[in-house]
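Chain by chain, the residues run as shown.
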Amino acid sequence: MSRDMCNTSKSLDSESADISDQEREVTNVIFNSKDEVNSIEDEENLFINDPNNADFDDDLENLNIANFFHKVDSDQIIYQKKKRRLKLIGKYVMGDLLGEGAYGKVKDMLDSETLCRRAVKILKQRKLRRIPNGELNVQREIKLLKKLKHKNLINLVDLLYNHEKEKMYLIMEYCVGSLQGMLDASPDKKFPQYQAHDYFLQLIDGLEYLHSMRVVHKDIKPGNLLLTLEGDLKITDLGVAETIDLFAKDDICYIGQGSPAFQPPEIANGLDCFSGFKVDIWSSGVTLYNITTGLYPFEGGTIFRLFETIGKGDFDIPNDIAEPLRSLLVGMLRKDPEMRFSLRQIRQHAWFISRPPCSSPPVPIPPLRDDALHKMTVFPYLVEHYYHDPNENSSDVQYFTEHELNEMEKSRVDSEYSNGNANQSSSKHNRRRSKKPVSCISVKNFPGCNQS
Ligand SMILES: Nc1ncnc2c1ncn2[C@@H]1O[C@H](COP(=O)(O)OP(=O)(O)OP(=O)(O)O)[C@@H](O)[C@H]1O
């Protein structure tokens, strides 16, 4: 494949972004020919130059376009293996990317004192200012997470700020994925009933706790239900949650902000006020419908059409959904909030009380970037930090083509699968240099590491 040089420069940016996102240890792109490097640099300088400068347009015209619009084969692009540099945020050692949401990136992390694995959500103030209600939603979420503690609610373990960089670090308990991620990776986009039952019971436990603390979540959906390695369900994302005033007589809310497909008829129909708790019951009902059927009870090509359908409140349940699940779904998705099941009615329902039989294998947690074991990504940084040989000739750097890197990654994953050893480290450095078990490392007071 060959590419236009101009596009190459552009795609190099996105490629290196992709690659770093995928944490493939690759950042530096090196061209075989020095001229090519210069032309790229010239090109960058050109566009970095201030376009408001009067000379800018003249410069453009005088440039010989042919100098940098030439083709480069992808095998001429070679990648340099990036050095893994240990990065500390307070007492936490930073690992690789786990996922990314609208507000920021979530990365793997290790608490150097307790050796507990954590996940950190990195929020940049500048980015938040560009999102409508971004700062407000984050403040609200932090305030709530600080006071709420429950087994089925994501736990905010720590909160760190870097005022200089205007960054916020929300250190949370580590989860292996969301129900949505599992559904997306499964062929039928649904769970067997016994698996859905297990998650639903935990959802109701978490929801009952939230409501007892006068908190309406407002955005219950499979994407906001995370799972720990132990299979504990954690309700997350309280960005649009609302706390009912302590002295309020009821649970009346005035603003509905959740995901459209999970909104109840009273919000779809534009009512001025509605019962907050019944909103969560409805969205939990849509969630239960979705995880047991692989479908949505209400659909529409546009939000307008979707809300029109939800507003009418008529929906079908697939024939293969038998009692007692059927009547539970009907009870949770009653159009009239007054008639809709309460948490107590859900708890007393036959489907809730008795666990459905194990009919088929459970839907597994999908691998994280080819790693079925979701191994901790912090270890290679520690290994590099502690076992890096300072006498190693730094000019002895190896370069690889993209194809070679892909092949190396593939064979690494294959060999881990065939060895079937969860604890086996994948790192080349580990195999070569490990002299003592990594778990014995104390990661306090790192000399020379990159403290942020
Ligand atoms: N505690 C956690 N442990 C492990 N991974 C997590 C954790 N929290 C979030 N993630 C991962 O990070 C991704 C981004 O999460 P985040 O909460 O920022 O966004 P989102 O809920 O996916 O989307 P948005 O916030 O834009 O609605 C998630 O999809 C999930 O895969």
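Conventions we followed
Residues numbered from 1 in each chain as written. Predicted model: local features only at pLDDT ≥ 70, side-chain atom pairs only at ≥ 80, totals over all residues. Heavy atoms only, no water. UniProt positions renumbered as here; feature names shortened; annotations may be inferred. Helix = DSSP H or I, 4+ residues; strand = E, 2+ residues; numbered from the N terminus. Near = heavy atom within 4 Å. Polar contact = N/O pair within 3.5 Å; in protein donor to acceptor, adjacent residues only side chain to side chain. Areas by Shrake-Rupley, 256 points an atom, 1.4 Å probe, with all protein chains shown as cover. Nonpolar A, V, L, I, M, F, W, Y, C, P; charged D, E, K, R; others polar. Domains from an automatic or database assignment. Buried < 20%, exposed > 50% of the residue type's maximum accessible area, 1.4 Å probe, protein only. Pairing = 2+ DSSP bridges. Contact = heavy atoms within 4.5 Å. Phe/Tyr/Trp six-rings, centres within 6.5 Å; stacked < 30°, edge-to-face > 60°. Lys NZ or Arg CZ within 6 Å of the ring centre and 35° of its normal. Axes fitted to C-alpha atoms, helices over the stretch in contact; angles between N-to-C directions. Arc of directions from axis to C-beta. Core = buried A, V, L, I, M, F, W, Y, C linked by side-chain atoms within 4.5 Å. pLDDT = per-residue confidence, 0-100.

Participant: I'd love a proper account of the UniProt feature "domain: Protein kinase" (unreviewed entry) in the protein, names of residues and values included.
Facilitator: Mapped onto this structure's residue numbering, the UniProt feature "domain: Protein kinase" (unreviewed entry) falls at residues 92-352. Helix makes up 37% of residues 92-352 and strand 21%, and the two end C-alpha atoms of the span are 40 Å apart.

Participant: Please provide a residue-by-residue account of the site of the ligand, values included.
Facilitator: Around the ligand sit 16 residues, and of these Gly101, Ala102, Lys121, Glu173 and Cys175 come closest. A distance of 2.9 Å separates a nitrogen atom of the ligand from a polar backbone atom of Cys175. Within the complex, 78% of the 610 Å² of free accessible area of the ligand lies under protein. Listed by contribution, the elements that provide at least two residues to the shell around the ligand are strand E6 (92-100), strand E8 (117-124) and strand E10 (167-173). When its residues are assigned to classes, the shell around the ligand shows nine nonpolar, three polar and four charged. For the shell around the ligand, the domains that each give at least three residues are domain 2 (88-173) and domain 3 (177-353).

Participant: Any chance you could break down the side chain of Thr292 for me, citing the residues and the numbers?
Facilitator: With respect to the element layout, Thr292 can be found in helix H9 (residues 276-293). Side-chain polar atoms of Thr292 contact the backbone oxygen of Tyr289, separated by 3.3 Å.

Participant: Can you tell me about the pairing of E10, naming the residues and giving the values?
Facilitator: Regular strands show a simple pattern: their side chains alternate between the two faces of the sheet. Burial analysis of E10 places seven of its seven residues in the buried class, the great majority of the element. With seven bridges connecting them, E8 and E10 associate as antiparallel partners. Within E10, the position partnered with Lys124 by the bridge is Lys167. In terms of strand pairing, strand E9 (residues 156-162) meets E10 through six bridges, oriented antiparallel. Of the residues in E10, the one forming a bridge with Asn162 is Lys167. The antiparallel pairing of E9 with E10 creates a hairpin that spans four residues between the two strands, and Glu166 there sits at a positive phi of about 50°.

Participant: Before we move on, could you go through unusual backbone geometry and cite the residues and values that matter?
Facilitator: Along the chain, Glu323 connects to Pro324 via a cis peptide bond; the corresponding omega equals 5°. The phi angle at Asn133 is positive, at roughly 60°, despite the residue not being glycine. With respect to the helices and strands, Asn133 occurs in the loop between helix H4 (125-130) and helix H5 (134-147). Even without glycine at this site, Glu166 takes up a positive phi of about 50°. Checked against the element boundaries, Glu166 lands in the loop between E9 and E10. What makes Glu166 partly exposed here is its relative accessible area of 27%.

Participant: Give a detailed account of the UniProt feature "binding site: ATP" (unreviewed entry) in the protein, specifying residues and quantitative values.
Facilitator: Taking the UniProt record as the reference, the feature "binding site: ATP" (unreviewed entry) is found at Lys121. Relative accessible area serves as the criterion here: at 19%, Lys121 is assigned to the buried category. Filtering out sequence-adjacent residues up to four positions away, Lys121 remains in contact with Lys105, Val106, Glu141, Met168, Tyr169, Leu170 and Met172.

Participant: Give me the lowdown on the packing of aromatic side chains, citing residues and values where you can.
Facilitator: Scanning all chains against the criterion turns up seven aromatic pairs. For the ring pair Tyr289 and Phe315, a centre distance of 6.2 Å and an interplane angle of 75° mean the geometry is edge-to-face. Residue Tyr289 is located in helix H9, and its partner Phe315 is located in the loop between helix H10 (303-312) and helix H11 (325-332); the two are separated by 26 residues in the primary sequence. A relative accessible area of 3% places Tyr289 in the buried class. Counting every residue linked through ring pairs, the aromatic cluster contains Trp282, Tyr289, Phe298 and Phe315. If you follow Arg117 out to its NZ or CZ, it ends over the ring of Tyr174, 3.8 Å from the centre.

Participant: Before we move on, could you go through the sheet that holds strand E14 (residues 233-235) and cite the residues and values that matter?
Facilitator: Reading across from one edge, E11-E13-E14 is the order of the three strands in this open sheet, with antiparallel pairing throughout. Edge positions in the sheet fall to strand E11 (177-178) and E14, since each has one partner strand and no second. Pairing analysis gives two bridges linking E11 to strand E13 (residues 225-227), with the strands arranged antiparallel. Across the sheet, Gly177 pairs through a bridge with Leu227, a residue of E13. Packed on one face of the sheet, helix H7 (residues 193-212) meets E13 and E14 and runs near 35° to E14.

Participant: Which residues make up H10, and what are the values?
Facilitator: Every buried residue of H10 is listed here: Leu306, Ile310 and Gly311. Mapping the buried residues of H10 onto a view down its axis gives an arc of 135°, with all of them on the same face. Facing away from the buried side of H10 by more than 90 degrees, the exposed set consists of Phe304 and Lys312. The inward-facing, buried residues of H10 abut helix H8 (265-268) and H9.

Participant: Outline the nonpolar core, listing residues and values.
Facilitator: Residues Phe191, Phe200, Leu238 and Ile346 are the most contacted members of the largest nonpolar core, which totals 64 residues. Formed jointly, this core draws a minimum of three residues from each of two domains, domain 2 (88-173) and domain 3 (177-353). Excluding anything up to four places from it in sequence, Phe191 contacts Leu179, Met182, Leu183, Ala196, Tyr199, Ile291, Thr292 and Val363.

Participant: Go over the confidence of the model for the protein, please, and point to the residues and values.
Facilitator: Here the protein averages 80 in pLDDT, while 71% of its residues score no lower than 70. Scored below 50 in pLDDT, residues 1-54 shows 93 contacts in the model against residues more than four places distant or in partner chains. Below pLDDT 50 for its whole length, residues 420-452 participates in 58 contacts with residues either more than four positions away or in separate chains. Scored as a whole, the predicted complex attains pTM 0.73, and scored at its interfaces, ipTM 0.97.

Participant: How would you sum up the environment of Leu144? Please name residues and give values.
Facilitator: As for its position among the elements, Leu144 is in helix H5. With relative accessibility at 4%, the residue Leu144 sits in the buried group. Each C-alpha atom, one on Leu144 and one on Met213, is 10.0 Å from the other, the two residues being 69 residues apart in sequence.

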